[in-house]
Amino acid sequence: MGCEDYLSLREKYVMKGVALFHPIVVEKGENAVLYDVNGRSYIDFTCGIGVTSLGHANRELVDTAIEQLKKLWHMCFMVVSYRPYIELARKLAEIAPGNSEKQVLLQNSGSEAVENAIKIARQVTGRTYIVSYENSFHGRGTYGYALSATGKYKPYKVGFDPLVPGVEFIPYPYCYRCPFKQEYPGCGLTCLEYLEKWFIHSRVPPERIAGVLIEMVQGEGGFVVAPGEYVKELKNFCEKHSILLIDDEVQCGWCRTGKMWAIEHYDVEPDIMVTAKAIANGLPLSAIVGRKDVMEKTYPGSFGGTYGGNPVSCAVALKVVEIMLRDKLSERSKVLGQIIRKRLNEMYEKYDLIGDVRGLGVMQAIELVKDRKTKEPAVEETLNVISKAREKGLLLLRAGLHLNVIRLHPPLTIEEELLSKALDILEESVREVATG
Ligand SMILES: Cc1ncc(COP(=O)(O)O)c(C=O)c1O
């Protein structure tokens, strides 16, 4: 059976609500290359949405998983303890951003991590409200806080209202499309002024806010990077009002931005950090890492789950940390990011279709517009570039409020020659669409 046969089976048996972006069926992967069931190969610039950062079928990770599978593959951590969970908790506490002592809770997905971070914030502060951002994404895997705190309506929230009350949204510092029509730098951070001088008087007073939930680089939002001073000022605001700063590193963590954690670019310590995706290179696992004095106040028995912190996932995550530190992958992310950025900047000079180039580390993106002055989103063109790239053997991802952003998620282990080939394909595809 080939791709088409499996896709028609998928259409017949899999619920329509799970959409499909690339109409291919993959059989296996090797580092940065995926092979479909017809035997065709593709360079994978998706990493299953920023997950397989150490490449597909990474030998060291496969061996680690097999070893752990032979010893113990499930035990509920609320029934008895096991080593990989405890060792991973210690490791995460050590490598988490900031100097305060930390404690950890392990779950299965990014959505669950966000759910639990918000539960912690509410339980520990005794306050109700969570402030989240427009154009943010915090998960659709759970009905509650993750989806409720996601700042985009379609497709994630369609038909699910009402969601969990007590989440309020403020504009993200999306400087290319500033909702306040300001230019950065030089705007004096009008968006933050809105929070400090307007929002807390008109919407929710600070003493009712449990936490502010923010992605340092919006992932699904189109790789929008928060400016440095914004995050520092936000931290000051949170400290002043005893509000917890909750850093969602699900997509931008694990060396993607050129540092282990994206928040390290800002020299700010979050009170709670949530992470998932690349943590175990694709085995289901997520973590909530919080300041010990916060985490210690949680009520025994009100957190957990049958599967959270699976032993095989934890063993692999420990290996992921070891490899990332041993092979200095944050540095590699920086170097690969510079190569990518240089090529994207060159494309920007050549093609007016590209309105903005942005990102940190390998997390780079281009936003496509019909006109650089009006910034009208080039939605169809974005899809055309992506499908042309796929025809030429490169898998890309779309993102953004208007779905006109092409975001790059290559593995950190990609060979430079292959990276360069992928960027050639991207450029060829942009050129073909830009020149009609
Ligand atoms: C920033 C962010 N938070 C949370 C999530 C939800 O993670 P999951 O899909 O593992 O539930 C995602 C997923 O893309 C994400 O990008």
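Note that the structure is a prediction, hence the values are computed from the model and not measured.

Colleague: Just to check I follow, could you spell out unusual backbone geometry for this structure?
Modeller: A cis amide bond, omega 0°, links K154 with the succeeding residue P155. Inspection of the secondary structure puts P155 in the loop between helix 6 (145-148) and strand 6 (167-170). Here D161 and P162 are connected by a cis peptide whose omega angle stands at 0°. Phi angles above zero are rare outside glycine, and N281 is one such case at about 55°. By secondary structure assignment, the location of N281 is in the loop between strand 11 (272-275) and strand 12 (286-291). Using a relative accessible area of 11% as the deciding quantity, one classes N281 as buried.

Colleague: Looking at this structure, how should I read the environment of G393?
Modeller: Here G393 is to be found in the loop between helix 12 (379-391) and strand 15 (394-395). Taking the C-alpha atoms as reference points, G393 and R40, 353 residues apart in sequence, are found 8.4 Å from one another. Contacts of G393, omitting those with residues within four sequence positions, involve R40, S41, Y42, I43 and I425.

Colleague: I'm lost on a negative patch on the surface in this one. Help?
Modeller: The grouping of E193, E196, E229 and E233 at the surface amounts to a negative patch. For the negative patch, the secondary-structure elements that each account for two or more residues are helix 7 (190-202) and helix 8 (228-240). Turning to its location among the elements, E196 is positioned in helix 7.

Colleague: Help me understand the site of the ligand in this model?
Modeller: The immediate surroundings of the ligand are formed by S109, G110, S111, F137, H138, G139, E215, E220, D248, V250, Q251 and K277. One of the side-chain nitrogen or oxygen atoms of D248 is found 2.7 Å away from a nitrogen atom of the ligand. A distance of 2.8 Å is found between an oxygen atom of the ligand and a side-chain nitrogen or oxygen belonging to Q251. Burial of the ligand by the surrounding chains reaches 84%, relative to a free accessible area of 390 Å².

Colleague: Would you mind going over the sheet that holds strand 17 (residues 405-408) with me for this structure?
Modeller: An order of 13-14-17-16 is seen for the four strands of this open sheet, with the pairing classed as antiparallel. With one partner strand each, in any of the chains shown, strand 13 (354-360) and strand 16 (397-399) form the two edges of the open sheet. For this sheet, the mean angle separating the axes of adjacent strands, direction not counted, is 25°. Contacts between helix 11 (residues 329-350) and the sheet are confined to strand 13, strand 14 (363-368) and strand 17, with strand 13 contributing the most and set at about 170° to the helix.

Colleague: Which parts of the structure should I look at to understand the domain arrangement of the chain?
Modeller: A common measure of how large an interface is: the accessible area buried when the components associate. Each assigned domain of the chain is listed here: domain 1 (3-57 + 328-434) and domain 2 (72-326). Measuring from the centre of the C-alpha atoms in domain 1 to the corresponding centre in domain 2 gives 25 Å. Facing 40 residues of domain 1, the contacting portion of domain 2 comprises 32 residues. Buried surface at the junction of domain 1 and domain 2, both sides included, amounts to about 3,000 Å², of which 56% is carbon and sulfur. Applying the counting rule to domain 1 against domain 2 returns two salt bridges. Across the pair R407 and E220 runs a salt bridge whose closest N-O atoms are separated by 2.9 Å. Summed over the shared surface of domain 1 and domain 2, the number is 31 residue pairs in polar contact (both at pLDDT 80 or more). Counting only elements with at least two residues in the side of domain 1 that touches domain 2, the list comes to helix 2 (47-50), helix 11, strand 13, strand 14 and strand 17. Broken down by element, the side of domain 1 that touches domain 2 gets its largest block of residues, five residues, from strand 13.

Colleague: When you look at helix 3 (residues 59-71) in this model, what are you seeing that I'm missing?
Modeller: Owing to its 3.6 residues per turn, the α-helix brings residues three or four apart onto one side. The end-to-end C-alpha distance of helix 3, which contains 13 residues, comes to 19 Å, matching closely the 18 Å that a straight helix rising 1.5 Å per residue would cover. Along helix 3, the positions that sit buried rather than exposed are L61, T64, A65 and Q68. Buried residues in helix 3, looked at end-on, bunch into an arc of 100°, giving them a common side. Helix 3 presents R59 and K70 as exposed residues on the side facing more than 90 degrees away from its buried surface.

Colleague: Quick question: what am I supposed to make of a nonpolar patch on the surface here?
Modeller: Taken together, M1, Y6, L9, Y13, V14, M15 and V18 make up a surface patch of nonpolar side chains, about 750 Å² in accessible area. Examined against the element boundaries, V18 turns out to sit in the loop between helix 1 (3-13) and strand 1 (26-30). Its relative accessible area of 48% is what places V18 among the partly exposed residues.

Colleague: Quick question: what am I supposed to make of the pattern of salt bridges here?
Modeller: This structure, assessed with the given rule, holds 31 salt bridges. Its salt-bridge partner being E367, residue R177 comes within 2.6 Å of it at the nearest N-O pair. Note that R177 is positioned in the loop between strand 6 and helix 7 and E367 in strand 14, a separation of 190 residues in sequence. Classification of R177 as buried rests on a relative accessible area of 18%. Assessed through its relative accessible area of 0%, E367 is described here as buried.

The rules behind the values
- Residues numbered from 1 in each chain as written.
- Predicted model: local features only at pLDDT ≥ 70, side-chain atom pairs only at ≥ 80, totals over all residues.
- Heavy atoms only, no water.
- Helix = DSSP H or I, 4+ residues; strand = E, 2+ residues; numbered from the N terminus.
- Buried < 20%, exposed > 50% of the residue type's maximum accessible area, 1.4 Å probe, protein only.
- Contact = heavy atoms within 4.5 Å.
- Patch = residues over 30% accessible without salt bridge, like charges linked within 9 Å, V, L, I, M, F, W, Y side chains within 5 Å.
- Areas by Shrake-Rupley, 256 points an atom, 1.4 Å probe, with all protein chains shown as cover.
- Salt bridge = Lys/Arg side-chain N within 4 Å of Asp/Glu carboxyl O.
- Lys, Arg positive; Asp, Glu negative; His and termini not counted.
- Charge placed at Lys NZ, Arg CZ, Asp CG, Glu CD.
- Near = heavy atom within 4 Å.
- Polar contact = N/O pair within 3.5 Å; in protein donor to acceptor, adjacent residues only side chain to side chain.
- Pairing = 2+ DSSP bridges.
- Axes fitted to C-alpha atoms, helices over the stretch in contact; angles between N-to-C directions.
- Domains from an automatic or database assignment.
- Buried area = accessible area lost by both parts, 1.4 Å probe.
- Expected span 1.5 Å × (residues − 1).
- Arc of directions from axis to C-beta.

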